[in-house]
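The primary structure of each chain is shown beneath.
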Amino acid sequence: MSKNKAFNLNISKFSSFFKFSIAIVGILVIFAIVPNSFAISIVGAAFSFFWLLTNNKKITYFEKLREQSFFKFLTLWTCLVVTAGCIHAYLRYVSPGYDLSWFAQTITNATIGDGLRVTSEREITHLVQHWEPILFTATPLTLLFNGSISIVLWQGLAYIGGSIAAWKISKFLFNDSNLKSLKYLTTILFLLAWLNVNPLMFDAHPPVFGTLLIIPWIFYCIITKKSPFIIILLSLILMQCGEIFFAIAPVFIIYCLIQNKVTKLKIMLSLIIFFSGFLLVGAYQRYFGPFITGDPFFPFQNRYSSIGGDGIGILKTFFTDPLQVISKIFTINKLKTILKIFIYCGPFVFFALLSHKYRVIAVCLIFACLPYFIQAGLSPSMETNVHYVSSIGTIWWLLSVIGIYYLLYETKSNSKLLPFKKLIFNEQKLFPFFLILFFLNTSEWRKSLLYPFRAIVDRDNVNSEVRKYLTNIPREKGVIFVGSEWLCPLSADYRKWLLCEGIANKLFPKMPLDVVVANKPDLINFYNNLEPSLKNSIIGNTILALNNDNPEIVGWKKVGEYAQNSEPNTSKFKNILHFTIWEKIDSIDK
């Protein structure tokens, strides 16, 4: 039997196995949709299913598939996911409500000319520590939708636009390949990879907008040899998506500098440009941000307090005691995180640097990952949480497609990699090893692609009276949520004073207090964490009276009570929390 036939799956001979595989895929999909189940990887299931289709000579689905039909599928899929994300934002009751309320408050305040002003979650009064001017582009959506939906839709539009770029990249690189399925599968990988999609349904952050939309188009302009001015312009726009892009975006400008000819002088200039990005981040953290807000680089300075507090301090510490900084980066858990990302995206990243045609951009992309790995490495809270490095997910995907391109087109017949190439790529088929790696992709419930659908199915409706009450509180009134973050985005629109996470010691002296939404245990803990001066203030006495179920003695009243699952979808045994809404008497205009 020839090697090629060894990899063929003869449906007549293995019909039982084929039917069994289809059944397993179906079960996995059901497990991912049904509430309270452990979500098995949709990525792995879908890819394995596609492999079964392409690995049989009698099934020529991808050979018959027209590009126009696939593009319609791509459009339908992305619109479906974005729509589900928007519905989820409207019905949101699960983490990270804090983050969504933060950005919802910011863009709705910007709509009325109050700048990117935020009070929820952080102690500062302006959105500075992420430095994301790109958020202004989301404000027009608030004319049609509430803040939460606007932010998710805004990021969803980036997902749609970035997916189109991913399709164009895959088509450009693999259109002439004998593997007809490859350009479709690499695009599907972009559509499904949780590093790209997870933030849509689980989080909302402007850096994700940049990595979903702008980075794919920059890469497409590079491989199609568009004008360097377009690439530089897109890189400058990318810098508006978050301060981390101060250090990431310069690599694309560097590529424009060295693409035609690499010289020692250009390498030196490139290194200066690259490390200037780190200096810009550090200067922003140390000087520019505090100049705008009057507050120090908070709260991230606490993460880095042992090694300098901010970018400039870390650089000083590195030059005086480099081992102290390095020891923070290269811990076992942090190395595991990097390895986890590598496995999620496949081993093809390793081959990207071997490419002759795209080696220069591959080197640049490797350096583009470095700032985020350093940030993740230095921050204790980002030790094993891959979610925090989602902003480089697209870069990792780009390195993967370069690696695949190298294996397909640049390995010669006498190459040592030829056996590996034959193992993975075989005429019209793809060996399961190429696909099964992605089975680990979403082995945890929050990373399931169908998370928003599941959340919609298994949800507790926000009582219509509660929704109406919270969305009609006048802008100037002060509102705090304690232990009920799922409601924070609901009342964040055009809110001047909103406190969600319980960081009160700096904000309370500035804000009025008119509405409190809390559960009893968290409210007690909230009071205990107040500074002594605040405990003895009017606000402190109010919180104490609410804790003791005596709102009348401080001029407050109970508006209503409701129960909520603390962690829906995570367990069969749901922890029911009981919340209360209190209101200052005569405070809210009816």
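Residues numbered from 1 in each chain as written. Predicted model: local features only at pLDDT ≥ 70, side-chain atom pairs only at ≥ 80, totals over all residues. Heavy atoms only, no water.

**Some thoughts on the overall build of the protein**
To be explicit about the condition: Numbered from the N terminus, helices here are DSSP runs of H or I no shorter than four residues, and strands are runs of E no shorter than two. Each residue gets one of three labels from its accessible area relative to the maximum for its type: buried under 20%, exposed over 50%, partly exposed in between, using a 1.4 Å probe on protein chains only. Only heavy atoms enter the contact rule, under which two residues are in contact if any of them lie within 4.5 Å.
Each helix and strand in the protein was counted, giving 28 helices and seven strands. Here the protein holds 590 residues, and the buried ones make up 56% of them. Contacts in the protein between residues far apart in sequence, at least 24 positions, make up 72% of those at least 6 positions apart.

**Section: helix α8 (residues 182–192)**
For an α-helix, the turn length of 3.6 residues means that residues three or four places apart are oriented alike. When you tally the buried positions in α8, you get 11 out of 11 residues, the bulk of the element. Within the span of α8, buried status applies to L182, K183, Y184, L185, T186, T187, I188, L189, F190, L191 and L192.

**Here we look at the packing of aromatic side chains**
The description of an aromatic ring pair rests on the distance of the ring centres and on the angle between the ring planes. Quick note on the threshold: By convention, a stacked pair of Phe, Tyr or Trp rings (six-membered ring in the case of Trp) has centres within 6.5 Å and planes under 30 degrees apart, an edge-to-face pair has planes over 60 apart, and any other such pair is tilted.
A full pass over the atoms with the stated rule returns 18 aromatic pairs. Taken together, a centroid distance of 5.1 Å and an interplanar angle of 75 degrees make the contact between Y358 and Y405 edge-to-face. Residue Y358 is located in the loop between α19 (348–352) and α20 (359–378), and its partner Y405 is located in helix α21 (residues 393–410); the two are separated by 47 residues in the primary sequence. An identical accessibility class is assigned to Y358 and Y405; each is buried. An aromatic cluster is built from F70, F73, W167 and Y184, whose rings are joined through pairwise contacts.

**Some remarks on the pattern of salt bridges**
The line we're drawing: Salt bridge, as used here, is a side-chain nitrogen of Lys or Arg placed within 4 Å of a carboxyl oxygen of Asp or Glu.
According to the stated counting rule, one finds six salt bridges in the structure shown. Between K496 and E476 there is a salt bridge, and its shortest N-O distance comes to 3.5 Å. Taken together, the positions of K496 in the loop between β3 (478–482) and β4 (497–499) and E476 in the loop between α25 (464–471) and β3 put the pair 20 residues apart, joining distant regions of the chain. Classification of K496 by relative accessible area gives partly exposed; the value is 24%. According to the relative accessible area criterion, E476 is partly exposed, its value standing at 46%. Its salt-bridge partner being K520, residue D549 comes within 3.4 Å of it at the nearest N-O pair.

**Topic: the state of the cysteines**
Heads up, the condition is: The rule for a disulfide is simple: a pair of cysteine sulfur atoms within 2.5 Å.
Under the definition given, this model contains one disulfide. Across the disulfide from C488 sits C500; the S-S distance is 2.5 Å. Taking the sign of the S-S torsion, -135 degrees for the link of C488 and C500, the bridge is left-handed. One end of the pair, C488, is in the loop between β3 and β4; the other, C500, is in the loop between β4 and β5 (515–519), and 12 residues separate them in sequence. Of the residues examined, C488 reaches a relative accessible area of 0% and is grouped as buried. C256 provides the cysteine sulfur closest to C364, a residue in no disulfide bond, and the two sulfurs are 9.1 Å apart.

**Brief notes about unusual backbone geometry**
Of note in this structure, Y494 is not a glycine but carries a positive phi near 55 degrees. Residue position: Y494 is located in the loop between β3 and β4. Notably, D549 is not glycine yet its phi reads approximately 60 degrees, a positive angle. As for its position among the elements, D549 is in the loop between α28 (538–547) and β6 (556–565). Overall, D549 belongs to the partly exposed group, its relative accessible area being 47%.

**Focus: the nonpolar core**
Test applied: Think of a nonpolar core as a cluster: buried Ala, Val, Leu, Ile, Met, Phe, Trp, Tyr and Cys residues, connected wherever their side-chain atoms sit within 4.5 Å.
Ranked by internal contacts, the top residues of the largest apolar core, which has 102 residues, are I151, F252, I361, L365, I395 and L399. At 13 residues, helix α7 (residues 147–174) tops the list of elements feeding residues into this core. Those residues in contact with I361, other than ones at most four positions away along the chain, are F219, I222, F252, Y255 and I402.

**Focus on the confidence of the model for the protein**
Put simply, the test is: You can read pLDDT as the predictor saying how much it trusts each residue, on a scale of 0 to 100.
Scored by pLDDT, the protein has a mean of 76; 68% of the residues are at 70 or more. The low-confidence segment residues 1–14, where pLDDT is below 50, has 23 contacts with residues more than four positions distant or belonging to other chains.

**Some words on α28**
Burial analysis of α28 places seven of its 10 residues in the buried class, which makes it a mostly covered element. Looking at α28, one finds that the buried residues are I539, G540, T542, I543, A545, L546 and N547. Positive backbone phi, at 60 degrees, marks D549, one or two positions downstream of α28.

**What about the packing of helix α11 (residues 228–238) against helix α13 (residues 250–258)?**
For the record, the criterion: As a rule, the C-alpha atoms of each element are fitted with a line to give its axis, helices using only the stretch in contact, and angles between N-to-C directions run from 0 to 180 degrees. When an angle is under 35 degrees it counts as roughly parallel; over 145 it counts as roughly antiparallel; between 65 and 115 it counts as roughly perpendicular; any other value is oblique. Each crossing gets its hand from how the near helix is turned against the far one by less than a right angle, where anticlockwise is left-handed and clockwise is right-handed.
At a minimum axis distance of 8 Å, the contact between α11 and α13 shows a crossing angle of 165 degrees. With respect to α13, the axis of α11 lies roughly antiparallel. Along this stretch, α11 crosses α13, giving a crossing that reads as left-handed. Here P228, I231, I232, S235 and L238 of α11 come into contact with α13, specifically with F252, I253 and C256.

**Focus on the pairing of β3**
Where we set the bar: We call two strands paired when DSSP finds no fewer than two bridges between them.
When you tally the buried positions in β3, you get five out of five residues, the bulk of the element. Of the two faces of β3, the one carrying G478, I480 and V482 and the one carrying V479 and F481 are both buried. Note: β3 against β4, three bridges, orientation parallel. Residue pairing across strands places I480 opposite L499, the latter belonging to β4. Judged from the four bridges that link them, β3 and β5 form a sheet pairing that is parallel. Bridge pairing in β5 places V482 opposite A518.

**Some thoughts on a nonpolar patch on the surface**
Spelled out, the test is: Distance thresholds for patches are 9 Å for like charges and 5 Å for nonpolar side chains (Val, Leu, Ile, Met, Phe, Trp, Tyr), applied to residues having over 30% relative accessible area and no salt bridge. Surface exposure here means Shrake-Rupley accessible area, sampled with a 1.4 Å probe, where a residue is shielded only by the protein chains that are shown.
On the surface, F318, F319, L323, I326, F330 and L335 cluster together into a nonpolar patch covering about 660 Å² of accessible area. Listed by contribution, the elements that provide at least two residues to the nonpolar patch are α16 (311–320) and α17 (322–329).

**Topic: the side chain of T142**
Filter applied, for reference: We call two N or O atoms a polar contact when they sit within 3.5 Å, provided that within protein one can donate a hydrogen and the other can accept it, with sequence-adjacent residues counted only if both atoms are side-chain atoms.
With respect to the secondary-structure elements, T142 resides in the loop between α6 (97–111) and α7. Polar side-chain contacts of T142 include one of 2.5 Å to the backbone oxygen of T139. With residues near it in sequence (within four places) discarded, T142 still touches I107, T108, T111, S150 and Y494.

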